[in-house]
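Inside the fold
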Amino acid sequence: IYSTSSNTGWAIVENKRDKKSYFIAQYEKLDGYILTKLFKNHVIFEKQAKEYKLEISKAKENISYEISRKTNNINENVVVQNDSVTVKRDYLNSYVQNPDKVWQNIAIEELRNGSKIEGFKVGRVNQNSVFGKLGLKQGDIIKAINNKVLDSYADAFAVYNNISKTKYLNIEILRNNEIMELNYEID
């Protein structure tokens, strides 16, 4: 896949039926499917007003590690095992219960298109904080949390106020013009 920052470009696709490879540019057709968007690791085809995602397959690596330390009687603990990331509730709650701690470790600002909020941009993040350990980076644009699109401050604060009841956390971000999902279990 060759994609530009505006999700245009071209891809080489192998048809599984005839084992032939095809060079296809944006908006060209292959077996009735139109290549509409290109990203770093996947492309989007459309057929009869329905979208289909084609991903680059890659070998699965077994990734496993734990980040842990004790600060002020709070266990800062994040456990990564393959595609699963678990965050200790006490660690997350230490931020929820102390808004000053949040703002000391992350700076976000609304991203607007005219009068409409299209997400919240991370201006600064302390990589040693829960936000850094969850994978957020400077420049990320937080678009949605737990499938709730963040298009107002009320949406953002609703997520913040309900975090203590949340078992799973899914953060949709835009990074380098590519939508990504960060998924966590809160234990």
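Conventions we followed
- Residues numbered from 1 in each chain as written.
- Predicted model: local features only at pLDDT ≥ 70, side-chain atom pairs only at ≥ 80, totals over all residues.
- Heavy atoms only, no water.
- Salt bridge = Lys/Arg side-chain N within 4 Å of Asp/Glu carboxyl O.
- Helix = DSSP H or I, 4+ residues; strand = E, 2+ residues; numbered from the N terminus.
- Buried < 20%, exposed > 50% of the residue type's maximum accessible area, 1.4 Å probe, protein only.
- Patch = residues over 30% accessible without salt bridge, like charges linked within 9 Å, V, L, I, M, F, W, Y side chains within 5 Å.
- Areas by Shrake-Rupley, 256 points an atom, 1.4 Å probe, with all protein chains shown as cover.
- Contact = heavy atoms within 4.5 Å.
- Phe/Tyr/Trp six-rings, centres within 6.5 Å; stacked < 30°, edge-to-face > 60°.
- Pairing = 2+ DSSP bridges.

Further remarks concern the pattern of salt bridges. Going through the model one piece at a time under the given rule, you end up with eight salt bridges. In this structure, the salt-bridge partner of D31 is R17, at a minimum N-O distance of 2.8 Å. Of this pair, D31 sits in the loop between β4 (29–30) and β5 (33–38) while R17 sits in the loop between β2 (9–15) and β3 (20–25); the two residues are 14 residues apart in sequence, bridging distant segments of the chain. Residue classification places D31 among the partly exposed residues on the basis of a relative accessible area of 42%. For the salt bridge of K148 with D155, the shortest nitrogen-to-oxygen distance reads 3.5 Å.

Further remarks concern a nonpolar patch on the surface. Together, Y2, W10, I12 and F23 give the surface a local cluster of nonpolar side chains, amounting to about 440 Å² of exposed area. Note on placement: W10 falls in strand β2. On the basis of relative accessible area, W10 is assigned to the partly exposed category, the value being 32%.

In this structure, K47 sits in strand β6 (residues 42–47). Judged by relative accessible area, which is 26%, K47 ranks as partly exposed. Between the C-alpha atoms of K47 and R175, which are 128 residues apart in sequence, the distance is 27 Å. Apart from residues lying up to four places away in sequence, K47 is in contact with D31, G32, Y33 and Y52.

The next point concerns the packing of aromatic side chains. This model, assessed by the stated rule, comprises five aromatic pairs. An angle of 65 degrees between the planes, with centres 5.3 Å apart, marks the rings of F120 and Y153 as edge-to-face. Taken together, the positions of F120 in strand β12 (residues 116–125) and Y153 in helix α4 (residues 153–162) put the pair 33 residues apart, joining distant regions of the chain. With relative accessibility at 42%, the residue Y153 sits in the partly exposed group.

With that settled, the discussion passes to the sheet that holds β3. Strand order in this open sheet of three strands is β1-β2-β3, and the pairing throughout is antiparallel. If you trace the sheet from one side to the other, it starts and ends with β1 (2–3) and β3, each paired once. Direction of pairing for β1 relative to β2: antiparallel, over a ladder of two bridges. Each bridged residue has a counterpart across the sheet, and for S3 the counterpart in β2 is G9.

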